[in-house]
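# Survey of secondary and tertiary structure
Chain by chain, the residues:
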Amino acid sequence: MALESNFLDLEAKRRSIYALGKNVSISDDKLVELIEEAIKEAPTAFNNQTVRAVILFGDKHDQAWDLVADRLKSEVPDEAAYEATVAKINGFKAGYATVLFYTDVDVVKEYEEKFAIYADNFYDWSEQGHGIAMYATWLAATEAGLGATVQHYNPLIDEKFAAAFGTPANWRLRSQLIIGSVEAPAAGKDYLDADARFKVLK
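In this report, we go over the structure that sits alongside the text.

### Side note on the nonpolar core
Ranked by size, the top nonpolar core spans 22 residues in total, and within it Leu31, Ile35, Phe101, Leu177 and Ile179 carry the most contacts. Elements with a contribution of two residues or more to this core: helix 2 (28-41), strand 2 (51-57), strand 3 (97-104), helix 6 (122-143), strand 4 (147-151) and strand 5 (171-182). Excluding residues within four positions of it along the chain, Ile35 makes contact with Ile55, Val99, Thr137 and Ile179. Residues Ile89, Leu100, Phe161 and Phe165 belong to the second largest nonpolar core, which totals 21 residues.

### A look at the pairing of strand 5
For strand 5, the tally of buried residues reaches 9 of 12 residues, placing the bulk of the element in the interior. Where strand 1 (residues 20-21) and strand 5 come together, 2 bridges link them in antiparallel fashion. Paired with Leu20 across the bridge in strand 5 is Val182. Inspection of the sheet shows strand 3 paired to strand 5 by 8 bridges, in the antiparallel sense. Directly across from Val99, in strand 5, lies its bridge partner Leu177. As paired elements, strand 4 and strand 5 share 5 bridges and run antiparallel to each other. Bridge pairing links Val150 to Leu177 in strand 5.

### Quick notes on the pattern of salt bridges
According to the stated counting rule, one finds 8 salt bridges in the structure shown. Lys22 is the salt-bridge partner of Asp62, the closest N and O atoms lying 3.9 Å from each other. With Asp62 in helix 3 (residues 58-72) and Lys22 in the loop between strand 1 and helix 2, this pair connects stretches of sequence that are 40 residues apart. Overall, the relative accessible area of 23% leaves Asp62 in the partly exposed class. You can call Lys22 partly exposed: its relative accessible area is 43%. Close ionic contact of Lys40 with Glu37 constitutes a salt bridge, the shortest N to O distance being 3.0 Å. Placement of both Lys40 and Glu37 in helix 2 is noted, with a separation of 3 residues, approximately one turn of the helix.

Basis of the calculations
- Residues numbered from 1 in each chain as written.
- Predicted model: local features only at pLDDT ≥ 70, side-chain atom pairs only at ≥ 80, totals over all residues.
- Heavy atoms only, no water.
- Core = buried A, V, L, I, M, F, W, Y, C linked by side-chain atoms within 4.5 Å.
- Buried < 20%, exposed > 50% of the residue type's maximum accessible area, 1.4 Å probe, protein only.
- Helix = DSSP H or I, 4+ residues; strand = E, 2+ residues; numbered from the N terminus.
- Contact = heavy atoms within 4.5 Å.
- Pairing = 2+ DSSP bridges.
- Salt bridge = Lys/Arg side-chain N within 4 Å of Asp/Glu carboxyl O.

From the geometry alone we can't say anything about function, so treat these as descriptive.
As structure tokens, this is what we get:
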């Protein structure tokens with residue numbers, strides 16, 4: 001018998017949407033509120049709130065993906081590969097907004113010093129905090145009827161993004177979540193057998 005859960009239904013609905021568009025009906029202010037609340041309510045170790053975010057709309061959203069395209073030009077082997085890369089990046093640029101997720105490394109260091117017995121764990125815990133906040137934001141966007149995909153062009157883009165968007169040196173870029181209208185559904189998804197993933201002991 002399947003469990004009845006709006007949350008589990010939402011989890012199943014959340015997918016990586018690559019065909020994103022700008023046909024977003026909610027206001028920028030409402031989307032900012034949604035993103036901020038999702039991050040604010042996401043848990044972090046010791047409630048140290050290490051997650052930071054920069055939310056990009058309009059020209060700033062476009063600028064981010066132009067910077068990625070420019071930076072990757074020196075990384076791909078030839079012009080054909082670069083054209084394919086730009087085509088992919090233009091798909092992200094076609095979205096409506098980008099959320100840049102950062103970790104405040106000064107806070108991580110502070111807690112490493114404050115709670116020395118757990119010092120070796122705080123970096124890992126900050127990564128967990130980032131992942132939870134990013135996922136919560138993705139679910140919130142899904143619930144609002146929007147699509148999203150997460151990318152990780154860091155650290156290649158770190159310096160260009162810091163200069164362009166004025167982020168402090170103690171903010172470490174961890175991921176980029178692109179949000180937009182769903183212009184085409186995601187492809188099918190395969191799942192591992194439960195026996196390969198889970199062990200239940202009683």
